[in-house]
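Residue-level structural notes
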Amino acid sequence: MAINAVEVQEVSKRFRLYHEKYTSLKEKVIHIGRTPYEDLWAVNDVSFDVKEGETVGILGRNGSGKSTLLKCICGVLQPTSGQVVVRGQLAGLLELGAGFQQDLSGRENIYLNGSMLGMSKKDVDRVFDDIVEFAELEQFIDNQVKFYSSGMYVRLGFAGAVNGDPDVLVIDEVLAVGDERFQRKCMDRIRLFQSQGRTILFVSHSPDQVRAICNRAVVLSGGQMIGLGPPGEAVRLFRETLLEAGDTLTISEHDAPPDTPPEAGAPPLEYGNGSTGSPIVVAPVDSRPVRITAVTARHPGTGERNYLLTGEPITVRVEFEASSATNGVVFVLEMRDTTASMLLRTDTDQLDAHYDVPEGPGAVEFSFDSIPFLDGEYDLVVGIQSKLGGVQYDWQEPAAQFEVMNPGKAVGFISIPHQVAMVSVASDAR
Amino acid sequence: MASKASASSTPVASPPGPPPPPAPPEPPQRVADLSPMAEEFPDGTGGREHREKITRVVSAHINVRARLLEIWRSRELLVYLVRTEIKVKYKNSVLGLVWSMIAPAMTLAVYTVVFGVFLKNGIPNFVIFLFSGLLLWNFFQTGVIAATGVVVNNAGLVKKVSFPREILALAAIGSAGVFLFFQICVMAIFMVVVSNAPAWGLMWLLVVAFIPCVVLSAALALLLASVNVYLRDTQHLIEVLVGAAWFWACPIVYSYQGTVAAKLSKHGLTWLFFLNPMTPLVMTFQRVLYAKTGLVRLTTVTHPKEQLLPSWGPLTYVWADAAVLGLGVVLFFIGMNVFGRLAGNFAEEL
């Protein structure tokens, strides 16, 4: 049914890391044939398809090859092997305002930038006013771009790209620009693009953004695609890779690697669809000093009910197992609704509770006197991290669920106690 | 190709932040689209369904034909880049574009004084002879030298924005062409002032010589711009080679017929002189603009009479220029090939 808008076919990209770079003729002749270099495969045999109208996120920690892959898709870099097929006009937002000429005015730059995105002058004429309005630069449009503030600069860059008529939009972590209101405007525009059936490829450091707008997400690690699937699962896998990074950090910090042998019996996680070959799966990491063993949500006083009523208390119990005594452990608890919007995030550090855990099992309990939510199912996300938050020992999402039923008639998300009374206007006016 | 009607008619729950822009008159095909978004954003889905979609392949192996097609699609960008370069060059100057006329005018004035008063060589209107060759040479030299550094100088663009990189090199030739136009204007005014008529009947030969010059410049531009990314010496080497050596290999300051023809034929080296592809092109310009083919009476005693231009018929010029065109086309395809091979790693080398 749906046509592929972007086909990434066995794309690999090799960078040669020269220990010394010789660019002049003399140096090249002197060092001919013996330039020391290392091969770095920034992207290694990645294949996936993006269907028309789909929004696909790309997740991965720093150095996982996200940006390289995106540059290959945009055509800024050529893959060493493999190819990318793009159907339709592609607009790449690798860096906002990258094509701007400092000495030209905003107006002239809109036209220049438009032609770089493959628009004709007529196309730009048509959307010119929209661009200026979107960037909120009506007053400054005839000023030279070099006098713009950095905010104005990126606003113009974003406005120029999204007000065009691209079939495929590629966005590389550029949404963190401008004030909150402008960011919301950008997100709204992206949603509009989705509703118009345009294809979006989206790289973000924020798993929340990916969860909020993507249909699917690709997870990269060390240049390889380790997963492709629904955003929730991809985010979970992404967290796994982050945990892996956290572990190496922990080991170097404590200078004594906990020598737990990796368990062979753990079932491998499998994400991805059949068409993309067999993605390599991150091995479960078993060397974490503190791991979550169980998370339960209890609601005392609900009796036989497996849900609670609005306003009833809940207790979340996090059971953990420490493979070695660890100081300064912080437990994090998040509540999310079904659209993955975060409703609450709390941690033991915030609550002024300092925990040094001894080796062996243990448990902490978060108690809530009253849950104000109205109807709905809620996910609990639980994490364990170091005191300063730099090292994540474990992270589970969703770790548990609970359901709330609203006995009253109020509609919405939360219950806020309130009264109503008729007041006399005459007695109020003086 | 692909219809997006079903996707576009899906209404969105939350309307976007900005208030709707004043709606321009909508083309009739959008009337049927009842999506609130399409109404709010006239640039939206309405027109999209009818547009033909271009398929683009990013790979290490793209043939020359596909890349020529991409360049053709980006021709508007070429125009913008040329305009940008000229605008930027004279930005914030009071006289602006007039400077591009003042520069050649000053050169002409100085030459007139120098060769008319101090360095009298006795050749009538020698400045016209000199400038007719210089016109074409300046186009070639500025174009090729600017193009050599163009990819390196636009590193920011090459690393972040996707467009056929060949356009950058071609734009350098394009802006050299614009400056050629201004120089021709100045030259025309000067010729009226000194009342020196060109060979009117042979004006078409200017085009015959200009086209090979464009192709040749573009070929060298592609070749040198891409090589320079990997070997930064190229830029300096080319400045010396083209600016000094190649320039003097062309009969611009001296005349072929009057200065070197006899000596060359004595040693049987005429062919070597004409291996330089710029020579026939420059001589064609001189033939048309200077237009004096016969003996000119010199005022000096040592060379009482001299012939500055060979007494070739127009067809000889056409054949010579056509040969250069052939060479240019071959070089252009070599240039495209080399550029295509090297362009893949531009972004990481810069």
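Scroll up a little and you will see the structure.
Residues numbered from 1 in each chain as written. Chains lettered and ligands numbered in written order. Predicted model: local features only at pLDDT ≥ 70, side-chain atom pairs only at ≥ 80, totals over all residues. Heavy atoms only, no water.

1. Section: the overall build of chain B
Operational definition: Here a helix means four or more residues in a row that DSSP labels H or I, a strand means two or more in a row labelled E, and each is numbered from the N terminus. Here, two residues are considered to be in contact whenever any of their heavy atoms come within 4.5 Å of each other. Areas reported here follow the Shrake-Rupley algorithm with a probe of radius 1.4 Å; residue values treat only the protein chains shown as occluding.
Helix and strand counts for chain B come out as 15 helices and three strands. Put simply, 78% of the contacts in chain B that link residues at least 6 apart link residues at least 24 apart. Accessible surface computed for chain B: about 16800 Å², of which carbon and sulfur atoms make up 69%.

2. Some remarks on the sheet that holds strand 6 (residues 168–172) of chain A
All names here are of chain A. Our working definition: When DSSP finds two or more bridges between a pair of strands, those strands are recorded as paired. Note on geometry: axes are C-alpha line fits, over the in-contact stretch for helices, and angles between N-to-C directions span 0 to 180 degrees.
Read from one edge of the open sheet, six strands run 5-6-7-3-8-9, paired in mixed fashion. The two strands at the open ends of the sheet, each matched to only one other strand, are strand 5 (90–93) and strand 9 (224–229). Ignoring which end each strand starts from, the neighbouring axes of this sheet average 15 degrees apart. As judged from the four bridges shared by strand 3 (residues 55–59) and strand 8 (residues 216–221), these two strands associate in the parallel manner. Looking at the pairing, V56 lines up with R216 of strand 8. Running at roughly 150 degrees to strand 6, helix 2 (residues 66–74) makes contact with strand 3, strand 5, strand 6, strand 7 (199–203) and strand 8 of the sheet.

3. Notes on the layout of surface pockets
Operational definition: Site definitions follow a grid-based scheme: protein atoms alone, a 1 Å grid, a 1.4 Å probe that fits but cannot get out for cavities, and for pockets an open set with protein on both sides within 12 Å along at least five of seven lines, plus lining residues having an atom within 4 Å of a point. Grid points are joined across faces, edges and corners, and a volume is the space filled by probe spheres set on the points. Residue polarity is assigned by list, with Asp, Glu, Lys and Arg as charged and Ala, Val, Leu, Ile, Met, Phe, Trp, Tyr, Cys and Pro as nonpolar; anything else, Gly included, falls into the polar class.
Approximately 610 Å³ is the volume found for the second largest pocket. Lining the second largest pocket are 24 residues, with Y230, R341, L342, G344 and N345 of chain B sitting closest to its centre. Per-element accounting of the lining of the second largest pocket gives the leading share, six residues, to strand 1 (residues 4–18) of chain A. For the lining of the second largest pocket, the residue count by class is eight nonpolar, eight polar and eight charged.

4. Comments concerning helix 3 (residues 64–73) of chain B
Residue and element names in this part refer to chain B. Selection criterion: For every residue, the accessible area (1.4 Å probe, protein chains only) is compared with the maximum for its type, and the residue is labelled buried under 20%, exposed over 50%, or partly exposed between those bounds. Throughout, the arc means the angular range of directions from the helix axis out to the C-beta atoms.
Looking at helix 3, one finds that the buried residues are V64, R67 and I71. For helix 3, the buried positions fall inside an angular range of 65 degrees around the axis, keeping them on one side. The exposed set on the far side of helix 3, more than 90 degrees from its buried face, consists of R65 and W72. On its buried face, helix 3 is in contact with helix 4 (75–89), helix 8 (166–193) and helix 14 (314–343).

5. Re the sheet that holds strand 16 (residues 360–368) of chain A
Residues and elements named next belong to chain A. A sheet is described by the order of its strands in space; here three strands give the open sequence 10-12-16, paired in antiparallel fashion. Strand pairing shows two members of the sheet lacking a second neighbour, strand 10 (290–298) and strand 16, which therefore form its edges. On average, each strand axis in the sheet is inclined to that of its neighbour by 20 degrees, with strand direction left out of account. Relative to strand 12 (residues 314–322), strand 10 runs antiparallel, the two being bridged by eight bridges. If you follow R298 over to strand 12, its bridge partner there is T315.

6. Section: the nonpolar core
Inclusion rule: In plain words, nonpolar cores are sets of buried Ala, Val, Leu, Ile, Met, Phe, Trp, Tyr and Cys residues tied together by side-chain atoms within 4.5 Å.
Counting 144 residues, the largest nonpolar core has L156 of chain A together with F140, V151 and M278 of chain B as the members making the most contacts within it. Ranked by residues supplied to this core, first place goes to helix 6 (residues 126–153) of chain B with 18 residues. If sequence neighbours within four positions are ignored, F140 of chain B has contacts with C213, L216, S217, L220, V242, W246 and M278 of chain B. Counting residues in hydrophobic clusters, the runner-up holds 33 residues, among them V43 and V84 of chain A together with V58 and A347 of chain B.

7. Concerning helix 14 of chain B
Every α-helix carries 3.6 residues per turn, so stepping three or four residues along brings you back to the same face. Operational definition: One fewer than the residue count of a helix, multiplied by 1.5 Å, yields its expected span.
Between its first and last C-alpha atoms helix 14 of chain B spans 41 Å; for 30 residues at 1.5 Å apiece the expected length is 44 Å, and the two agree. For helix 14 of chain B, the full list of buried residues reads Y317, D321, V324, G328, F332, G335, M336, F339, G340 and A343 of chain B.

8. Structural notes on the packing of aromatic side chains
Keep this limit in mind: Working definition: rings of Phe, Tyr and Trp (its six-membered ring) pair if their centres are within 6.5 Å, and the pair is stacked with planes under 30 degrees apart, edge-to-face with planes over 60 apart, and tilted otherwise. By definition, being over a ring means that NZ of Lys or CZ of Arg is both within 6 Å of the ring centre and within 35 degrees of the ring normal.
All chains considered together, the criterion is met by 31 aromatic pairs over all chains. With centroids separated by 5.4 Å and ring planes inclined at 80 degrees, the aromatic side chains of F247 of chain B and W248 of chain B adopt a geometry described as edge-to-face. An angle of 20 degrees between the planes, with centres 5.5 Å apart, marks the rings of Y256 of chain B and F273 of chain B as stacked. Taken as a pair, Y256 of chain B in helix 11 (residues 256–266) and F273 of chain B in helix 12 (residues 270–273) lie far apart in primary sequence, 17 residues in all. In this structure, Y256 of chain B and F273 of chain B share a single accessibility class: buried. Taken together, Y111, F115, F126, F129 and Y290 of chain B form an aromatic cluster joined through their ring pairs. If you follow R198 of chain A out to its NZ or CZ, it ends over the ring of F193 of chain A, 4.6 Å from the centre. For K89 of chain B, the ring lying beneath its charged end belongs to F179 of chain B, and the centroid distance is 4.4 Å.

9. Structural notes on the packing of helix 5 (residues 98–118) of chain B against helix 6 of chain B
When two helices pack together, their arrangement is given by the angle between their axes and by how far apart the axes lie. Residue and element names in this part refer to chain B. Filter applied, for reference: Two helices cross in a left-handed way if the nearer one is turned anticlockwise from the farther one by less than a right angle. They cross in a right-handed way if the turn is clockwise.
Direction vectors running N to C along helix 5 and helix 6 enclose 140 degrees, while the axes themselves pass 9 Å from each other. The crossing of helix 5 and helix 6 is right-handed. Contacts from P104, T107, L108, Y111, T112 and F115 of helix 5 reach helix 6 at F126, V127, L130, F131 and L134. Taken together, the residues of the contact of helix 5 with helix 6 sort by class into nine nonpolar, two polar and no charged.

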